[in-house]
Structures are given as structure tokens and as C-alpha cells.
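Notes for the structure review
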Amino acid sequence: GQQVMQIPQYQHVQEGEDFTTYCNSSTTLSNIQWYKQRPGGHPVFLIQLVKSGEVKKQKRLTFQFGEAKKNSSLHITATQTTDVGTYFCAGPASGTYKYIFGTGTRLKVLA
Amino acid sequence: NAGVTQTPKFQVLKTGQSMTLQCAQDMNHEYMSWYRQDPGMGLRLIHYSVGAGITDQGEVPNGYNVSRSTTEDFPLRLLSAAPSQTSVYFCASSYYRAAYEQYFGPGTRLTVT
């Protein structure tokens, strides 16, 4: 079945440093979604990318969808303590409505 | 709007007991789904529904049943609880077949002893 892997699994950064998480799917995705989950909370939608090579920005967050639509990345510039949490990517299994979530990247920001 | 609500927030079951986790949404969303989250495993799809009367299996459906008699409600039934089902369960809904953002409920933390 389809697999969605994320690297790294964990990342500790000093406040102010940049952070990037990578998402790789075993199959081509029609779209990809990104979610953030704060410790003890539930996943919250951040963004959806649909087009090959698409780049979207939300303040300090930059999301990119690969040209082959099999990978994606989330880059945070100048991290803040409010960025702490786990970031997940998710994409639909080919030809279905099943959304498969990546393994997640847990970000810790040291003040 | 209350969004997606889940009850109970916490539950402890003994092996072999059955129970139903409740999920409701008031956004008139077609798509609803159940995920379980285990440490280091991310979110795994259990069952999903694209509309009232229509359900399908996700990645890890064994040991769980669902039904969707109304647009608003999507209960998850554990028929005979096992320790391996200890997890945090999230319900989510989306406007149309998950092609839009999914809204998650606050989760149910289930422990099976």
C-alpha cells in the first residue's frame, strides 16, 4: 500500500534557527495537506498544495510540492517557541478517498 | 458552530469489553473519518465515510465497526477491546471527500487493561 514517510522524525533547534521537514510518498499524490499538532492537542490544518511545483507561504512558513508530486517540504524561518509541535503531511491513496498521514516530525524549540 | 465533538474524552476498558466512541459534526460535512494515534506511529486511518450510508475501511480496520446513519454522526464501535487498541482516537470531517481541509475533534484517550 501507499506509504508516506517524513524526515527527520525529531528536530531540536535553538529559537531563531530555521527548520525543514520533508515528506515523501511512494506514489504520486493528487494533492498534499500539512497539519500541525501541539503537544496534547489535535491536528490542525495548515495548508493544501495541488499543483506540481507549487510553493505557498504563510508568514514564516513555506510549503513546497515537488515537480513529480511525490514529495513536499515545510520550511520554517526563524523558529519561535510557538512553533513547537508535530508536523504531519497527508495525501490521498491513489484513486481513493483514504487520506494517509506521514509519520510526522516533532519539533522542539529551545529558548 | 461546535465543529467536531467527541465523547468521551477518556475511557478505561477491560479486555473483552465493548464500547462506542461518539463523533458528531455540525458543519454538514460529507466526509468523516476515524484515526488512531500511537506514539511514534503518526495517524492511521481506521474507517471513513463519504456520506450517510456509505463507509469504507482504512489502513487498520480490524476490531472496529462504523456506521453512518446521518450526516452528523459517525460512531466507532470496539467489539471486544484488546490492549493493542490502547491509543488516542481522533475523528475528523471534511466538506467534500477529504479534498478540503479536515477538521479534527479533540480526541478520546482509550486505555485497555
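Residues numbered from 1 in each chain as written. Chains lettered and ligands numbered in written order. Predicted model: local features only at pLDDT ≥ 70, side-chain atom pairs only at ≥ 80, totals over all residues. Heavy atoms only, no water.

Considerations on the overall build of chain A
- A tally of regular secondary structure across chain A gives zero helices and eleven strands.
- Order of helices (α) and strands (β) in chain A, N terminus to C terminus: β-β-β-β-β-β-β-β-β-β-β.
- Structurally, chain A occupies a C-alpha span of about 45 × 25 × 20 Å along its principal axes.
- Across the 111 residues in chain A, those meeting the buried criterion constitute 47%. (Helix = DSSP H or I, 4+ residues; strand = E, 2+ residues; numbered from the N terminus. Buried < 20%, exposed > 50% of the residue type's maximum accessible area, 1.4 Å probe, protein only.)

Topic: the interface of chain B and chain A
- In this complex, chain B contributes 22 residues to the contact, which on the side of chain A involves 17 residues.
- Here chain B and chain A share an interface that buries about 1600 Å² over both sides, 56% of which is from carbon and sulfur atoms.
- Across the chain B-chain A interface, the total number found is zero salt bridges.
- The interface formed by chain B and chain A contains four residue pairs in polar contact (both at pLDDT 80 or more).
- Those elements giving two or more residues to the side of chain B that touches chain A turn out to be strand E4 (31-38), strand E5 (42-51) and strand E10 (102-104) of chain B. (Contact = heavy atoms within 4.5 Å. Buried area = accessible area lost by both parts, 1.4 Å probe. Salt bridge = Lys/Arg side-chain N within 4 Å of Asp/Glu carboxyl O. Polar contact = N/O pair within 3.5 Å; in protein donor to acceptor, adjacent residues only side chain to side chain.)

Keep in mind that these numbers describe shape and distance, not what the molecule does.
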